[in-house]
Amino acid sequence: MSMFVRLVVVSLTAAGSVLPAHADEAVVARWYLALQTVDRATLSELLAENAFIRLDDLGITRDKSAFLSSMDQWQQTVLGAEIRHKVEGVEGAVTTVLA
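In short, a report on the structure. (Residues numbered from 1 in each chain as written. Predicted model: local features only at pLDDT ≥ 70, side-chain atom pairs only at ≥ 80, totals over all residues. Heavy atoms only, no water.)

### Looking at the pairing of strand S4 (residues 86-91)
For clarity, the cut-off: Note on pairing: two strands pair once DSSP finds at least 2 bridges between them. Numbering goes from the N terminus for both helices and strands, where a helix is a DSSP run of H or I of at least four residues and a strand is a run of E of at least two.
As defined by bridge partners, S4 adjoins strand S5 (residues 94-98) across five bridges and the pair is classed as antiparallel. Bridge assignment links Glu91 to a residue of S5, and that residue is Val94. With antiparallel pairing between neighbouring strands as the criterion, S4 and S5 make up a hairpin whose turn holds two residues, including Gly92 at a positive phi of roughly 65°.

### Describing the environment of Leu98
As a reminder, the rule being used: Only protein chains enter the accessibility calculation, which uses a 1.4 Å probe. A residue is then buried if its area is under 20% of the maximum for its type, exposed if over 50%, and partly exposed in between.
When you line up the elements, Leu98 lands in strand S5. For Leu98, a relative accessible area of 26% puts it in the partly exposed group. Leu98 sits eleven residues away from Val87 along the chain, and the two C-alpha atoms are 6.4 Å apart.

Pasting the structure below:
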């Protein structure tokens, strides 16, 4: 079964700087690797303190703390899965990804 999720992460950081489009893709690749391996330290590092993660397929938005707290449940969900993604667009501080 294949499921597509549209994930919008606001305030994804990379050393606090504005990045060119090719760097955004590198940060997003790092993000999805951290999600697949449930690497809480990397996820925490990538998210700004005031970040909100909008999970459109679930109809929810979580702040950084709530998102990181959900990783225990996520670990069971992602076990044995492969996460593929594609950057759909970058507009200001928002990167939209289809995963």
